[in-house]
Amino acid sequence: MLGGQISLKVLIPPYVGLFAIAFLMVSLSLLLSSLTASHSVAVILGFFAAVLFWMFGWVVLWIAPGMYSVMKGFWVVEHMREYAKGVLDTGPTIFYFAWTVFFLFVTSLTLESRNWKR
């Protein structure tokens, strides 16, 4: 595309999706970190949880192909497709935001429960 113009309407949604996935994975890792006492275990659990969350649809398709149409709504990659097309849709945005808030809420509960045990 020599001399062409880049439209920001198509360029911004993939970055919004990338940041949404990053926030989701960080909040998931924070939750797992709050559940363990060891930093090493938290890193390993966070990595494997992020990989499983990322590969969820392929795992469901491999294990139970009939359940794929039902379970693909929980797959991170499926929601990223809208962002990759340059569409800033509210569905994937709410999906990422809701899961991020849920993981952060559970993280705060686990951290508060440590004070209750004292």
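Here, the structure is the one placed above.
Structure report, in brief.

The rules we used
- Residues numbered from 1 in each chain as written.
- Predicted model: local features only at pLDDT ≥ 70, side-chain atom pairs only at ≥ 80, totals over all residues.
- Heavy atoms only, no water.
- Salt bridge = Lys/Arg side-chain N within 4 Å of Asp/Glu carboxyl O.
- Helix = DSSP H or I, 4+ residues; strand = E, 2+ residues; numbered from the N terminus.
- Buried < 20%, exposed > 50% of the residue type's maximum accessible area, 1.4 Å probe, protein only.
- Patch = residues over 30% accessible without salt bridge, like charges linked within 9 Å, V, L, I, M, F, W, Y side chains within 5 Å.
- Areas by Shrake-Rupley, 256 points an atom, 1.4 Å probe, with all protein chains shown as cover.
- Phe/Tyr/Trp six-rings, centres within 6.5 Å; stacked < 30°, edge-to-face > 60°.

A word on the pattern of salt bridges
Reasoning step 1: Evaluation of the coordinates by the stated rule reveals 2 salt bridges.
Reasoning step 2: Residue Glu78 pairs with Arg81 through a salt bridge whose shortest N-O separation is 3.7 Å. Remark: Arg81 and Glu78 occur in helix α4 (residues 76-84); sequence separation between them is 3 residues, near one turn of the helix.
Reasoning step 3: Judged by its relative accessible area of 22%, Glu78 is partly exposed.
Reasoning step 4: One salt bridge in this structure joins Lys85 and Glu82, with 3.9 Å as the shortest N-O distance.
Reasoning step 5: According to the relative accessible area criterion, Lys85 is exposed, its value standing at 59%.

Section: a nonpolar patch on the surface
Reasoning step 1: A cluster of nonpolar side chains, Ile6, Leu8, Leu11, Ile12, Tyr15, Val16, Leu18, Phe19, Phe23 and Leu88, forms an exposed patch at the surface whose accessible area comes to about 1000 Å².
Reasoning step 2: Assignment of secondary structure puts Leu11 in helix α1 (residues 8-35).

Section: the packing of aromatic side chains
Reasoning step 1: Here the structure, examined in full by the defined rule, presents 10 aromatic pairs.
Reasoning step 2: A ring pair is formed by Phe95 and Trp99, whose centres lie 6.5 Å apart and whose planes are at 70°; its orientation type is edge-to-face. Within this pair, Phe95 and its partner Trp99 are both found in helix α5 (residues 90-117), separated by 4 residues, close to a single helical turn.
Reasoning step 3: Look at Phe95 and you get buried, because its relative accessible area is 10%.
Reasoning step 4: Joined through ring pairs, the aromatic side chains of Phe53, Tyr83, Phe95, Tyr96, Trp99, Phe102 and Phe103 make up one cluster.

What is shown is where atoms sit, not what they do.
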